[in-house]
Amino acid sequence: MRYTIQLHTESGCFATPQGDDVKHCSGQADIRWHLDNWADTVSRCSEEPVEALVWRGTLEDVTDVYPDWVATLGPKGGLHINQA
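One structure accompanies this document, and this report is about it. Keep in mind that this is a model prediction, so the values were computed, not measured.

Structural notes on the overall build of the protein chain
Scanning the protein chain from terminus to terminus reveals one helix and five strands. Moving toward the C terminus, one meets the helices and strands of the protein chain in the order β-β-α-β-β-β. In terms of overall size, the protein chain behaves like a compact globule, its C-alpha atoms giving a radius of gyration of 12 Å where 84 residues would be expected to give roughly 12 Å. Each principal axis of the C-alpha distribution contributes one length, and for the protein chain these read about 30 × 25 × 20 Å. Sorting the 84 residues of the protein chain into buried and exposed places 36% on the buried side. Residue pairs in contact within the protein chain that sit at least 24 positions apart in sequence constitute 53% of those at least 6 positions apart. Total accessible area on the protein chain stands at roughly 5300 Å², and carbon and sulfur atoms take up 47% of it. Averaging the positions of the 6 positive and the 13 negative side-chain charges in the protein chain gives two centres separated by 10 Å.

Next comes the structure, spelled out in structure tokens:
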């Protein structure tokens, strides 16, 4: 299944992404890969947690589209996907 994700953090070091600042994934392994890389980037500036908003399908702009799920990394590095 194809997914569209948008990476977020509460850290003040990063601006809120625009609606078209999205990545496309072909499965949960891809979501985790992007989330791991984002966590590494954010950790250089802040200890704030990271999350990925996830939409089913391939979208080019997610402005005003409510996500299907929110993906986070657990304390041991596992991928957690919860209803939004």
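Let us keep going from here.
Section: the sheet that holds strand 2 (residues 23–25)
On the basis of which strands lie adjacent, the open sheet formed by five strands has the order 2-1-3-4-5 and antiparallel pairing. Whereas interior strands pair on both sides, the edge strands pair on one side only; in this sheet they are strand 2 and strand 5 (79–83). Averaged over all neighbouring strand pairs, the angle between strand axes comes to 35 degrees, with direction disregarded. Note that strand 1 (residues 3–9) and strand 2 share three bridges and pair antiparallel.

As for unusual backbone geometry
Phi at D64 takes a positive value of approximately 65 degrees, unusual for a residue other than glycine. With respect to the secondary-structure elements, D64 resides in the loop between strand 3 (50–56) and strand 4 (69–73). Accessibility expressed as a relative area gives 81% for D64, which makes it exposed.

What counts and what doesn't
- Residues numbered from 1 in each chain as written.
- Predicted model: local features only at pLDDT ≥ 70, side-chain atom pairs only at ≥ 80, totals over all residues.
- Heavy atoms only, no water.
- Helix = DSSP H or I, 4+ residues; strand = E, 2+ residues; numbered from the N terminus.
- Rg over C-alpha atoms; globule rule 2.2 N^0.38 Å.
- Buried < 20%, exposed > 50% of the residue type's maximum accessible area, 1.4 Å probe, protein only.
- Contact = heavy atoms within 4.5 Å.
- Areas by Shrake-Rupley, 256 points an atom, 1.4 Å probe, with all protein chains shown as cover.
- Lys, Arg positive; Asp, Glu negative; His and termini not counted.
- Charge placed at Lys NZ, Arg CZ, Asp CG, Glu CD.
- Pairing = 2+ DSSP bridges.
- Axes fitted to C-alpha atoms, helices over the stretch in contact; angles between N-to-C directions.

None of this, on its own, says anything about what the molecule does.
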